[in-house]
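# Structural overview for review
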Amino acid sequence: MRATMPLGDFLVAYLQKLGVTHLFGIPGDLVLRLFFRLAMRRGMRIVTLSHEPGVGFAADGYARATGKIGVACVTYGAGGHNMVNPVAGSFAERVPVLVVSGGPSDDERRLGTLIHHQAKAIESQLRIYREVTCAAELLDDPRTAAERVDAVVRTVWREQRPGYLEIHRDMVDHRVPVPSALLGWDGKLPFARSNDANVAEAVRDAAARLNAARRPVVSVGIETHRYKLGREVRALAEKIGAPVVTTTLSKGAFPMDHPLYLGVHMGTISPEPIARRLARADLVVNLGGMRTDMDQGVGEPLPPERSVTAVDGRVDASFHSYRDVHIRDFVRGLLRARLRNHRARVRYVNNLPREARPLTDRLRVADILRELNRFLAGRKNYAVVAESGDMLFGGLDVKVDRGGGYLAQGFYASMGFGVPGALGAELGTGVRPIVLSGDGAFQMTGPELAQAPRYGLHPIVVVVNNGGWQIFRPVVERPELLEVPPWPYAALARAWGGAGILARTVGEFRLALAAAARERRFVLIESMVAADDLSPVSRKYIQASARQGKRRGR
Ligand SMILES: Cc1ncc(C[n+]2csc(CCOP(=O)(O)OP(=O)(O)O)c2C)c(N)n1
Ligand SMILES: [Mg+2]
């Protein structure tokens, strides 16, 4: 970085300092100059996909998997508006994504006519993004532009939420002064600081409750993953010696092969042994889990007197609240505290029927999950990405050993995340993803798979073909409204430059996975199941949600 530089060059240099290796985007005339500035830099690759939702999900998947900021560059209006949904998902699930959008120049705006891609006002897009980001700026003043880039990115990092920068096309080559603090900057960004006295008191309070408890449970939430506390949380759980659960959103934030790991807790719709263990718990220590209806299984929240919750920069212990206590300082404080080890005996809850069915039997959802577990057991270097729909819940029964990673939109639950999210994750980490997707979700963004060969990516995509949006089948009166057209998924994969395999039986699915492991290209396994075959958790969830809807509707 130099004391003054063109804004476009500054942005690239800044992102490189942060260690960003890939940018995701689709160009347009209002962002063209910036786009090519970003793409010209050595050491930074620009990855183009077919549709902006794919771009947003890929940047999000990259950020989730690498722990770095995911950057998406789009054109103004048509492009920016197209990407609102993935960014809203990043906001809801605390993913640090930076959206960079182009826009019309000052001269164009002075013409007094509407400008192509504009919706209501030129500022509309900025206003929309303000709603789904933690910081959003239109960089229209060269004097402060660099400072504001830095401020937005620092907020993104501190809050682990998306940010937005709008750079109109006449600003890209404008020389801007670079704040002197950035000239010798090492590229590191700080997380939020806590109030030390509050931390000490929160830790004392929580430690006393933990030591007095007889059957505590530790719930590991998504903030621990975003704030890079994996090692510390593991050490803390071992020090407490209590069973550990995750939520749908944080699955993968605690190693699934750890002896203290019980499984995913979803309130009343959890698998029986997990629901029972939580019901019996006299204290639940929630480390970084947002309170969402998904985690409570469409049920009642945990009674405060039986919980300690550290999330969003505060700790609530029963009815006491401690402000300015960041999860990092809280976990580290507890690690230093004197804590009793409860020596709980924990058995990972496996919900799937253990017995493999005859290989010639027609494939069912449970077989897909069990065969996948069989495939993954002991293997390294596979990550699992679960799409919304039945697989969001079915995926909860998949066990990824050896820290392979697990990604899903476990709370915002937008369909379409799976394939592009996996492409972004693989680009960032090199770990081969296995995507679990319904046919409906695949019809939204699955065709981004055609991009995989260009980037040397080789995900394995399991498309569960049940003919429609079948998760709703148990609760609708007219199932024909849930149908989607029958795409030739396996044939499409072959046409797009990958391998396509059709699996109708248990044995065919097992062979397909084995073949996929040997294949260097991407692989799509079209897995035929009956329209009324759902994972047991989905069935419970959709029925509980429908009951909730009826109660509220009264
Ligand atoms: C973008 C988006 N639109 C709509 C929904 C509502 N929705 C949730 S699951 C689902 C159907 C999923 O169908 P499919 O992908 O085929 O999975 P299945 O449950 O049939 O296995 C829909 C429409 C959503 N979650 N996201
Ligand atoms: Mg389906």
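Calculation notes
Residues numbered from 1 in each chain as written. Chains lettered and ligands numbered in written order. Predicted model: local features only at pLDDT ≥ 70, side-chain atom pairs only at ≥ 80, totals over all residues. Heavy atoms only, no water. Helix = DSSP H or I, 4+ residues; strand = E, 2+ residues; numbered from the N terminus. Contact = heavy atoms within 4.5 Å. Donors = N, O, S within 2.8 Å, 3.2 Å for Na, K, Ca; no water. Buried < 20%, exposed > 50% of the residue type's maximum accessible area, 1.4 Å probe, protein only. Near = heavy atom within 4 Å. Polar contact = N/O pair within 3.5 Å; in protein donor to acceptor, adjacent residues only side chain to side chain. Areas by Shrake-Rupley, 256 points an atom, 1.4 Å probe, with all protein chains shown as cover. Core = buried A, V, L, I, M, F, W, Y, C linked by side-chain atoms within 4.5 Å. Axes fitted to C-alpha atoms, helices over the stretch in contact; angles between N-to-C directions. Parallel < 35°, antiparallel > 145°, perpendicular 65-115°, else oblique. Left-handed = near helix turned anticlockwise from the far one by under 90°. Nonpolar A, V, L, I, M, F, W, Y, C, P; charged D, E, K, R; others polar.

## Topic: the side chain of Asp 150
- With respect to the helices and strands, Asp 150 occurs in helix 8 (residues 142-159).
- The residues touching Asp 150, leaving out its near neighbours within four places in the chain, are Tyr 14 and Leu 182.

## Here we look at the coordination of the magnesium ion (ligand 2)
- Protein coordination of the magnesium ion (ligand 2) is provided by Asp 439 (OD), Asn 466 (OD1) and Gly 468 (O), with donor distances spanning 2.0 to 2.1 Å.
- One chain supplies every donor for the magnesium ion (ligand 2), spaced along it as D-x26-N-x1-G. With Asp 439 in helix 18 (residues 439-445) and Gly 468 in the loop between strand 19 (460-465) and helix 19 (489-495), the pair connects residues that are 29 residues apart, well separated along the chain. The residues Asp 439 and Gly 468 share a single accessibility class, namely buried.

## A look at the site of ligand 1
- Every one of the 16 residues lining ligand 1 counts as a neighbour, but Asp 439, Gly 440, Ala 441, Gly 468 and Gln 470 are closest to it.
- Taking Asn 466, its side chain carries an N or O atom lying 2.9 Å from an oxygen atom of ligand 1.
- Between an oxygen atom of ligand 1 and a main-chain N or O atom of Gly 468, the distance comes to 2.7 Å.
- Notes on ligand 1: free accessible area 590 Å², of which the protein chains cover 79%.

## What about helix 14 (residues 327-336)?
- Taken as a whole, helix 14 has its buried residues at Ile 327, Arg 328, Phe 330, Val 331, Gly 333 and Leu 334.
- Looking at the buried positions of helix 14, the neighbouring elements they touch are helix 10 (196-212), helix 11 (222-226), helix 12 (230-240), strand 12 (283-287), strand 13 (307-311) and strand 14 (314-317).

## Looking at the nonpolar core
- Counting residues in each nonpolar core, the largest one holds 129 residues, and the members touching the most others are Phe 10 and Phe 330.
- Considering each element in turn, this core owes the most residues, eight residues, to helix 1 (residues 7-18).
- For Phe 330, the contacting residues outside a window of four places in its chain are Ala 202, Val 203, Ala 206, Leu 287, Val 308, Ala 310, Val 315 and Val 325.
- Val 47, Ala 58, Val 99 and Tyr 129 belong to the second largest nonpolar core, which has 46 residues in total.

## With respect to the packing of helix 1 against helix 2 (residues 32-39)
- One way to put it is that helix 1 packs onto helix 2 with a least axis distance of 9 Å and a crossing angle of 40°. On the basis of their axis angle, the class for helix 1 and helix 2 is oblique. Pair helix 1 / helix 2 crosses with right-handed handedness. Each of Gly 8, Asp 9, Leu 11 and Val 12 in helix 1 lies in contact with helix 2, whose residues at this interface are Leu 34, Arg 37 and Leu 38.
- Of the residues that constitute the contact of helix 1 with helix 2, the class distribution is four nonpolar, one polar and two charged.

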